Structures are given as C-alpha cells and as structure tokens.
Amino acid sequence: MTSQGQTPYGPPMSGAHLTIDLDALSANYRLLQTLSGASEVAPVVKADGYGMGAAQTARRLWAEGARTFYVARLTEGLALRMALGARTARILVFDGMSPGEAPVFEAHGLIPVLNSPQQIDLWLEARPGTREAALHIDTGMNRLGLSLAEASDLAANPERLRRLSPCLVISHLACAATPEHRLNRVQLERFSAVRSLFPAVSASLSSSAGIFLGPDYCFDQVRPGISLYGGGPHDRPDPRLAAVARLEAPILQIRDVPAGESIGYGAEQTAEKPLKVAIIAAGYADGYPRAASPRGSVWFDGAARRLLGRISMDLTAIDVTDAPGARLGDLVQILGPEISVDHVASAAGGSAYELLVRVGGRSERQWRGEARD
Ligand SMILES: *Cc1c(COP(=O)(O)O)cnc(C)c1O
C-alpha cells in the first residue's frame, strides 16, 4: 500500500491515474522476439500505442532494437515521425493512401500499405520518386486488402509489378485468438500461395495471437500490438506477459454499511451483512467500464476485492470488510500486475483492446522507464 495518494513514481494525484511501465513493454517485446525466432518484430503503435503513448512506447522499443512500426492513419504516422526525431524508423500506415496524400507520404518517409487496385493506381500515378510501398492481400478476413484474384492479376502484370516493387506483402488473421479455428490454417495456406506469387518480397502474416500459433505463422516479419501492452493472445491473461498499464485510484471515503442497506445508483446491491465500503476515485469517465460491475474486482492490500453496486462516472464502491487497515488516500489497483486487462475486459464483456484504448485516452498518464536520446 502506498500512503496518501502518493504514487511510487511521481507527485500525488487526486484521481485515477495510469502508470505505463516501459520496462514491462520491453520485456514483452523480447518475449515476442523469442517466440517469433528470426522474424522481425514490428510493433503496432496505432491508436496512440493502444492508449499507452505511441511516442513513448515507440522510442523505448526503438532502444530495444525495433526498426519498423505500424500505425493505422496517416496523421498517426506524421505524429510518430515527429516523435522519433532523427531515428530512421520505417513507419507503415495500414490504411494506405487516399487521393492527394502521396506527397505527404513522400515528404515524411512514410510507407503506405496499399489495400486495393485503386490505391495501387494512385500510388503509381502520384509517386514522383522511388519510395517504398507495402501490399495488403486479404486471405479470408474480408476487411482490407486485395482479393486473391486481384493479387494474381498484379503478379501476372510484370510491368505494373516492377513499377510498384512492393517492399512487403502482408495479410491479417481473423481468428488467431482462437487457435483451433479452422480459418487459421485456411489463411495460412492462402498466404503461402500468395507469397509464391511474389517470391522475392518479404512477407508478414501475424499479429500478437498469430505469433503464439507457432513458427509457421511468423514468416519474415510479425506485427504485434496487444501483447506488447500486456494483453494475452487468446483474450486470457498469459503469465509470460508483463502488465504495462497500471491504473490506480485513491480511496476517498470509507463507510460502514449496515446489513439491508443498498449501495450506489439503482440500489442494485444490498449489503447481506454489515460491510466496510471504500469509495475510490475512479469510474467510467476514467475508462473503467461500467459493465465491469458486478463481476470484476480490484486489488487492495494483498487481495482481490469485489465491486459493490454500479460503477458511476467518477466513483466506484469496493468491499474492504476484510481489509481493516484501509485508510483514506490508499491506492487501489484497478488494472495492473494483479488485475489483468483481460480480467477486467472479460468481466465487462468487452475486449482488452477497447479497455486499453479507453483508459489510455482518458486517464492522467505517467511513464516509467522512458528512453532518452
Ligand atoms: C491492429 C493490427 C495488428 C496488431 O494486432 P494485435 O492483435 O493487437 O497484435 C496487426 N496487423 C493489422 C493489420 C492490424 O490491423
């Protein structure tokens, strides 16, 4: 327990706050590197690094040896280029490009992931220099990417292919979080066939969960996001991954609630016996999902504590009947090493992805272990 709202890493804070452990991020990066053998690990830092700070996470991962990064949008690519300063990272943009954007990609050394014949046309028409582009081929997710027929057409047109000369061919697995799903093998086979169409080009199929499917899925490069940030590959906590996000909030009030009294909005929960209840300064405005109650729990004084009643906008009630040492200002862990993102996400019926992005977007953030130039 820490006293009086004093965080171990900085000044006192009155409400919920998020500490992002970049040492844990590095440990996860190294684990993924080990699991993916000789493949390049290219971190995905879209959506502000899943809420963990694209600038801070990418700079630390660069210090660990990462040289290729992915973002979703051109604007994210521009921000990351700025944040990385003189570091000569390759930055790929999943969305590819829209009309008029080619000069921006050029000027900032960003690499579009071209997703359709139309995007290829745009790139070939607009591209003044010899900048790189990657190709996304759809192998069964039916989201972004050239169809298999469009990929074959491109491969059958040596002149177009020569002008394009893609630096990388990627595809994306729809069901890697469910290892036994038959679509994994189907996509692997289709991707292997695609790869033979572009034999000289590097290939990348797997995000976090795909890496855990085994070496067959790793090809030349892997693109992990969620597992770098501590989310288990199969929507469950994985003990090998370290928690990156630590969301904590201080206790604002402690009260005795007699048996038969209800707690919180809607009087949804009634004390079955006399309870000691702590009110903590975190709620759904801090990204803590309202649906995490009643099944979720927090960590306090060495044990998981149940939530009581509904989570409100800025406040949550927890049961500290068995924690007689609880004091005002003590910090309660809402997410962190003891309460995994997968636990909270599943209690809320949501995903670790959404949880991290929400929490990261709304809480006051601090970083531990920042890379310095
Ligand atoms: C977001 C994304 C990733 C990273 O996925 P995780 O499941 O977070 O590891 C990789 N590739 C593509 C195409 C993506 O959109």
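One can find the structure itself at the top, above this paragraph.
Computed from a predicted structure; not experimentally measured.

Conventions and cut-offs
- Residues numbered from 1 in each chain as written.
- Predicted model: local features only at pLDDT ≥ 70, side-chain atom pairs only at ≥ 80, totals over all residues.
- Heavy atoms only, no water.
- Helix = DSSP H or I, 4+ residues; strand = E, 2+ residues; numbered from the N terminus.
- Contact = heavy atoms within 4.5 Å.
- Areas by Shrake-Rupley, 256 points an atom, 1.4 Å probe, with all protein chains shown as cover.
- Expected span 1.5 Å × (residues − 1).
- Buried < 20%, exposed > 50% of the residue type's maximum accessible area, 1.4 Å probe, protein only.
- Polar contact = N/O pair within 3.5 Å; in protein donor to acceptor, adjacent residues only side chain to side chain.
- Core = buried A, V, L, I, M, F, W, Y, C linked by side-chain atoms within 4.5 Å.
- Domains from an automatic or database assignment.

## Some points on the overall build of the chain
Now for step 1: Scanning the chain from N- to C-terminus turns up twelve helices and 18 strands.
Now for step 2: On the principal axes, the C-alpha backbone points of the chain span a range of 80 × 45 × 35 Å.
Now for step 3: A fraction of 66% describes how many contacts in the chain between residues 6 or more apart in sequence connect residues 24 or more apart.
Now for step 4: Approximately 15,800 Å² of the chain is accessible, and the part contributed by carbon and sulfur atoms is 50%.

## Some thoughts on helix α9 (residues 182-197)
Every α-helical turn comprises 3.6 residues, leaving residues that sit three or four positions apart pointing alike.
Now for step 1: Taking 1.5 Å of rise per residue, 16 residues should cover 22 Å, and α9 covers 24 Å from first to last C-alpha, within 8% of that figure.
Now for step 2: What α9 keeps buried is the set Leu 183, Asn 184, Val 186, Gln 187, Leu 188, Phe 191 and Val 194.
Now for step 3: Contact partners of the buried residues in α9: α7 (148-155), β7 (168-170) and β8 (202-204).

## With respect to the environment of Glu 370
Now for step 1: Looking at the element boundaries, Glu 370 is found in the segment after β18 (364-368).
Now for step 2: What makes Glu 370 partly exposed here is its relative accessible area of 27%.
Now for step 3: For the pair Glu 370 and Gln 56, spaced 314 residues apart in the sequence, the C-alpha separation amounts to 6.5 Å.
Now for step 4: Those residues in contact with Glu 370 that sit more than four places away from it in its chain are Leu 22, Gln 56 and Arg 59.

## Here we look at the side chain of His 17
Now for step 1: Tracing the chain through its elements places His 17 in strand β1 (residues 17-21).
Now for step 2: A distance of 2.9 Å separates a polar side-chain atom of His 17 from the backbone oxygen of Gly 15.

## Focus: the nonpolar core
Now for step 1: Counting residues in hydrophobic clusters, the biggest one holds 102 residues, and the most contacted among them are Phe 69, Tyr 70 and Phe 198.
Now for step 2: The leading source of residues in this core is helix α1 (residues 22-35), at five residues.
Now for step 3: Both domain 1 (3-16 + 242-368) and domain 2 (22-229) contribute no fewer than three residues apiece to this core.
Now for step 4: Ignoring sequence-local partners within four residues, the contact set of Phe 198 consists of Leu 135, Ile 137, Ala 151, Leu 154, Ala 155, Leu 161 and Val 169.
Now for step 5: Ile 263, Leu 275, Val 277 and Ala 317 belong to the second largest nonpolar core, which has eight residues in total.

What is shown is where atoms sit, not what they do.
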